[in-house]
Amino acid sequence: MSGVAILGVVGSGVILLSLFEMLRRHRLREKYALIWAVIAVGMLAVATFPQALTWMTGALGLQLPVNLLFFAASLLIMVLTLQHSSELGRLEERTRTLAEELAILRLEAERDRARDLQPPVEQERGLPPA
C-alpha cells in the first residue's frame with residue numbers, strides 16, 4: 001500500500017472516529033453526520049481501491065484521475081453549500097418569526113402591567129369600591 005493510500009485510510013478513519021465522538025457528545029446532528037460518513041467511506045474506498053478511480057476516469061472520458069477527484073470534490077462542496085444556505089434561510093425565517101412573537105408578548109405584558117397599576121375608575125371619582 002502506498003503512502004497516499006495509507007494517508008487516505010488514516011484520514012477517513014479519523015473522520016469516522018470524530019463523527020462518532022461528536023454524535024456521542026451531541027455536537028453534531030444526525031443528518032449532517034450521515035453526509036460526513038458517506039464522504040469518509042468514499043474516501044476510504046478511493047484510498048483502498050485506487051484502480052476503481054482510474055477505471056471511472058476512463059469510463060467518463062477524463063484524462064487524469066485527479067480531474068475526477070477535483071470535480072467530485074467541487075460538486076460535493078457546492079451541494080453542501082446549497083444545503084447550508086437552505087438551512088440558514090429557514091433558520092433566519094424562524095428567528096424573525098420568534099422575534100415578532102416575542103415583541104407581541106412583551107407588548108401584551110406591558111399593557112397588562114400598566115392596566116394593573118392604574119387605580120380603578122371608582123376610586124378616582126371618590127366612589128366607594130363595589
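Scroll up to find the structure this text is about.
So, here is what we can say about the structure in this document.

Calculation criteria
Residues numbered from 1 in each chain as written. Predicted model: local features only at pLDDT ≥ 70, side-chain atom pairs only at ≥ 80, totals over all residues. Heavy atoms only, no water. Helix = DSSP H or I, 4+ residues; strand = E, 2+ residues; numbered from the N terminus. Buried < 20%, exposed > 50% of the residue type's maximum accessible area, 1.4 Å probe, protein only. Contact = heavy atoms within 4.5 Å. 1 Å grid on protein atoms, 1.4 Å probe; cavity = no way out; pocket = protein on both sides within 12 Å on 5 of 7 lines; lining within 4 Å. Points joined across faces, edges and corners; volume = space filled by probe spheres on them. Axes fitted to C-alpha atoms, helices over the stretch in contact; angles between N-to-C directions. Parallel < 35°, antiparallel > 145°, perpendicular 65-115°, else oblique. Nonpolar A, V, L, I, M, F, W, Y, C, P; charged D, E, K, R; others polar. Salt bridge = Lys/Arg side-chain N within 4 Å of Asp/Glu carboxyl O.

**Concerning the side chain of Glu87**
Following the sequence through the fold, Glu87 ends up in helix α4 (residues 65-117). Residue Glu87 is classed as buried on the basis of its relative accessible area of 12%. Filtering out sequence-adjacent residues up to four positions away, Glu87 remains in contact with Arg29, Lys31 and Tyr32.

**Quick look at the side chain of Thr57**
Residue position: Thr57 is located in helix α3 (residues 50-60). Judged by its relative accessible area of 2%, Thr57 falls in the buried class. In contact with Thr57, not counting residues within four places along its chain, are Leu62, Gln63, Leu64, Pro65 and Leu68.

**Topic: the environment of Glu108**
Structurally, the position occupied by Glu108 is in helix α4. As for Glu108 and Leu98, which are separated by 10 residues in sequence, their C-alpha atoms are 15 Å apart.

**Description of the layout of surface pockets**
To find leftover empty space, a probe the size of one water molecule is rolled over the atoms. When its volume is computed, the largest pocket comes out at roughly 660 Å³. Of all the elements in the fold, those that place two or more residues in the lining of the largest pocket are α1 (3-24), α2 (30-48), α3 and α4.

**Examining the packing of α2 against α4**
Contact geometry of α2 with α4 gives a least axis separation of 13 Å together with a crossing angle of 175°. Taken together, the axes of α2 and α4 are roughly antiparallel relative to one another. For the pair α2 and α4, the contacting residues are Lys31, Tyr32, Ile35, Trp36, Ile39 and Val46 in the first and Leu69, Leu76, Leu80, Gln83, His84 and Glu87 in the second. When the residues that make up the contact of α2 with α4 are grouped by side-chain class, the tally is 8 nonpolar, 2 polar and 2 charged.

**Quick look at the environment of Val10**
Checked against the element boundaries, Val10 lands in helix α1. Note on Val10: relative accessible area 47%, which makes it partly exposed.

**Things to note about the pattern of salt bridges**
For the coordinates displayed, the defined rule picks out 8 salt bridges. Among the salt bridges present, the one from Lys31 reaches Glu87, with a minimum N-O distance of 3.0 Å. Of this pair, Lys31 sits in helix α2 while Glu87 sits in helix α4, and the two are 56 residues apart along the sequence. Salt-bridge contacts for Glu100 lead to Arg96; the nearest nitrogen and oxygen are separated by 2.5 Å. On the criterion of helical spacing, the pair formed by Glu100 and Arg96 is a turn pair, its members being 4 residues apart in helix α4. Classification of Glu100 by relative accessible area gives partly exposed; the value is 41%. Because the salt bridges share partners, they merge into one network encompassing Arg29, Lys31, Glu87 and Arg90.

Read these as layout, nothing more, since geometry by itself doesn't imply function.
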